[in-house]
Amino acid sequence: MESLGQIGTYVAIGDSFTEGLNDPYPGEADRFRGWADRLAEHLAERDPGLRYANLAVRGKLLRQIVADQVPRAVELEPGLVTFCAGGNDMIRPGADPDALAVLFDDAVRRLRGTGARVVVFTGFDTRNLRSGHRIRGKAATYNMHLRAIADRRGCDVVDLWSMTMFNDPRAWYEDRLHLSPEGHRRMALLVAHTLGVPAGGDWREPWPPAEAARWLELRREDLHWARTYLLPWIGRRATGRSSGDGRGPKRPIPSRL
């Protein structure tokens, strides 16, 4: 594993996964911390001069991230970039993983052209998600493309597909789409491990024993999930809206933590 020297500027790009939903800062319901902020904190412990920008915006598709965030990231001349994108494309009908891979590869080429160390992420295995079997083949194809791009471009890979530690329901928020605060904490430790950066804690720490959920409790959770998250998501898709419409990045300007 290549040693990570002085970074200078770390830029995170992507969608809600990188923005940090649903890991709010204490007392700030709509300002999210997330694994990327947590990773920047780990990096700053060894590099106090680190500057950090997070350009990620929830709901964005790959083409939007490539068009809006990648050029800005290149302008910032980063020493480190984390790049996760394509998940929102995968859950839409008609997603073409081969075409998406072409866009992703060109973006990585431009990012690597700055001399930055680039970390890319495969998607989670959708086998354990409701209706996940419908997109699992496409997601696996896209992941294979991402690994090939990373090999060709000399990137680090965080292979989420194989990370069974995140199969525990406690790693996920109640919307079943975004990580919980504990999931984000472990994700930051995983990325730090991938970079060879010492950080307090171990993402592989076993989960505490959990009580078996009762059938009626699970059905109530299903009903709450459908009313609170699924139906609004369907409504946005039907009207061509996105949860990120009108939003800008939470940390557009690199700054010290």
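Going by the structure above, here's the rest.
What this report covers is the structure whose coordinates are included nearby.

### Some points on the packing of aromatic side chains
Phase 1 of the analysis: Applying the stated criterion to the full structure yields nine aromatic pairs.
Phase 2 of the analysis: Aromatic side chains Phe17 and Phe124 sit 6.4 Å apart centroid to centroid with 80 degrees between the ring planes, which places their arrangement in the edge-to-face category. On the criterion of sequence distance, the pair formed by Phe17 in helix 1 (residues 16-19) and Phe124 in the loop between strand 6 (117-121) and helix 6 (133-153) is long-range, its members being 107 residues apart. By the burial criterion, Phe17 is buried, and Phe124 matches it.
Phase 3 of the analysis: Judged by centre distance (4.3 Å) and plane angle (5 degrees), the ring pair of Phe83 and Phe104 falls under stacked. Here Phe83 is found in strand 5 (residues 80-84), whereas its partner Phe104 is found in helix 5 (residues 97-112), with 21 residues between them in sequence. Assigned by exposure class, Phe83 and Phe104 land together as buried.

### Quick look at the packing of helix 3 (residues 62-75) against helix 5
The axes of two packed helices give the description: the angle between them and the distance between them.
Phase 1 of the analysis: Their axes nearest at 10 Å, the elements helix 3 and helix 5 cross at an angle of 5 degrees. One element, helix 3, and the other, helix 5, form an angle in the roughly parallel class. Taking contact as the criterion, the partners of Leu62, Arg63, Val66, Val70, Pro71, Ala73 and Val74 in helix 3 are, on helix 5, Leu100, Leu103, Phe104, Ala107, Arg110 and Leu111.
Phase 2 of the analysis: Of the residues belonging to the contact of helix 3 with helix 5, the class tally is eleven nonpolar, no polar and two charged.

### Thoughts on the side chain of Asp15
Phase 1 of the analysis: Here Asp15 is to be found in the loop between strand 1 (9-14) and helix 1.
Phase 2 of the analysis: The buried charged residue Asp15 lacks any salt bridge, with Arg92 as its nearest oppositely charged partner at 8.5 Å.
Phase 3 of the analysis: Engagement of the side chain of Asp15 in a polar contact is seen with the backbone nitrogen of Phe17, the distance being 3.1 Å.
Phase 4 of the analysis: For Asp15, the residues in contact, after removing those within four places along its chain, are Ala56, Val57, Arg58, Gly59, Lys60, Ile65, Cys84, Ala85, Gly87 and Asn88.

### Brief notes about the side chain of Asp37
Phase 1 of the analysis: Tracing the backbone through its elements, the reader meets Asp37 in helix 2 (residues 34-46).
Phase 2 of the analysis: With relative accessibility at 3%, the residue Asp37 sits in the buried group.
Phase 3 of the analysis: Each residue touching Asp37, except ones within four places of it in the same chain, is listed here: Tyr25, Phe32, Tyr52, Asn54, Lys250 and Arg251.

### Some details on unusual backbone geometry
Most peptide bonds take the trans configuration, and most residues that are not glycine carry a negative phi.
Phase 1 of the analysis: Omega for the bond connecting Leu21 with Asn22 falls within 30 degrees of zero, at -5 degrees, which places this linkage in the cis form.
Phase 2 of the analysis: Positioned with a positive phi, Glu77 is a non-glycine residue whose angle comes to about 50 degrees.
Phase 3 of the analysis: For Glu77, the location among the structural elements is in the loop between helix 3 and strand 5.

### Describing the sheet that holds strand 5
Phase 1 of the analysis: On the basis of which strands lie adjacent, the open sheet formed by six strands has the order 7-6-5-1-4-8 and mixed pairing. Each edge of the sheet is formed by a strand with only one pairing partner; in this case those strands are strand 7 (156-158) and strand 8 (251-255). Within this sheet the neighbouring strands show an average axis-to-axis angle of 15 degrees, counted without direction.
Phase 2 of the analysis: In this sheet, strand 7 lies alongside strand 6 in parallel orientation, the contact comprising three bridges. Its bridge partner being in strand 7, Val119 is matched across the sheet by Asp156.
Phase 3 of the analysis: In the packing of helix 2 onto the sheet, contacts are made with strand 1, strand 4 (51-54), strand 5, strand 6 and strand 8, and the angle to strand 1 comes to roughly 165 degrees.
Phase 4 of the analysis: Packing of helix 3 onto the sheet brings it into contact with strand 1, strand 5 and strand 8, and relative to strand 1 it is tilted by some 165 degrees.

### Some details on the pattern of salt bridges
Phase 1 of the analysis: Per the stated rule, a full pass over the model turns up 17 salt bridges.
Phase 2 of the analysis: We note a salt bridge from Arg72 to Glu75, for which the minimum N-O separation is 3.3 Å. Remark: Glu75 and Arg72 occur in helix 3; sequence separation between them is three residues, near one turn of the helix.
Phase 3 of the analysis: Arg72 sits in the partly exposed class, given a relative accessible area of 28%.
Phase 4 of the analysis: Judged by relative accessible area, which is 55%, Glu75 ranks as exposed.
Phase 5 of the analysis: Two residues, Arg110 and Asp106, come together in a salt bridge whose shortest N-O distance is 3.7 Å. With Arg110 and Asp106 both in helix 5 and four residues apart, the pair spans about one turn of that helix.
Phase 6 of the analysis: Residue classification places Asp106 among the partly exposed residues on the basis of a relative accessible area of 30%.

Rules behind the numbers
- Residues numbered from 1 in each chain as written.
- Predicted model: local features only at pLDDT ≥ 70, side-chain atom pairs only at ≥ 80, totals over all residues.
- Heavy atoms only, no water.
- Phe/Tyr/Trp six-rings, centres within 6.5 Å; stacked < 30°, edge-to-face > 60°.
- Helix = DSSP H or I, 4+ residues; strand = E, 2+ residues; numbered from the N terminus.
- Buried < 20%, exposed > 50% of the residue type's maximum accessible area, 1.4 Å probe, protein only.
- Axes fitted to C-alpha atoms, helices over the stretch in contact; angles between N-to-C directions.
- Parallel < 35°, antiparallel > 145°, perpendicular 65-115°, else oblique.
- Contact = heavy atoms within 4.5 Å.
- Nonpolar A, V, L, I, M, F, W, Y, C, P; charged D, E, K, R; others polar.
- Lys, Arg positive; Asp, Glu negative; His and termini not counted.
- Salt bridge = Lys/Arg side-chain N within 4 Å of Asp/Glu carboxyl O.
- Polar contact = N/O pair within 3.5 Å; in protein donor to acceptor, adjacent residues only side chain to side chain.
- Pairing = 2+ DSSP bridges.

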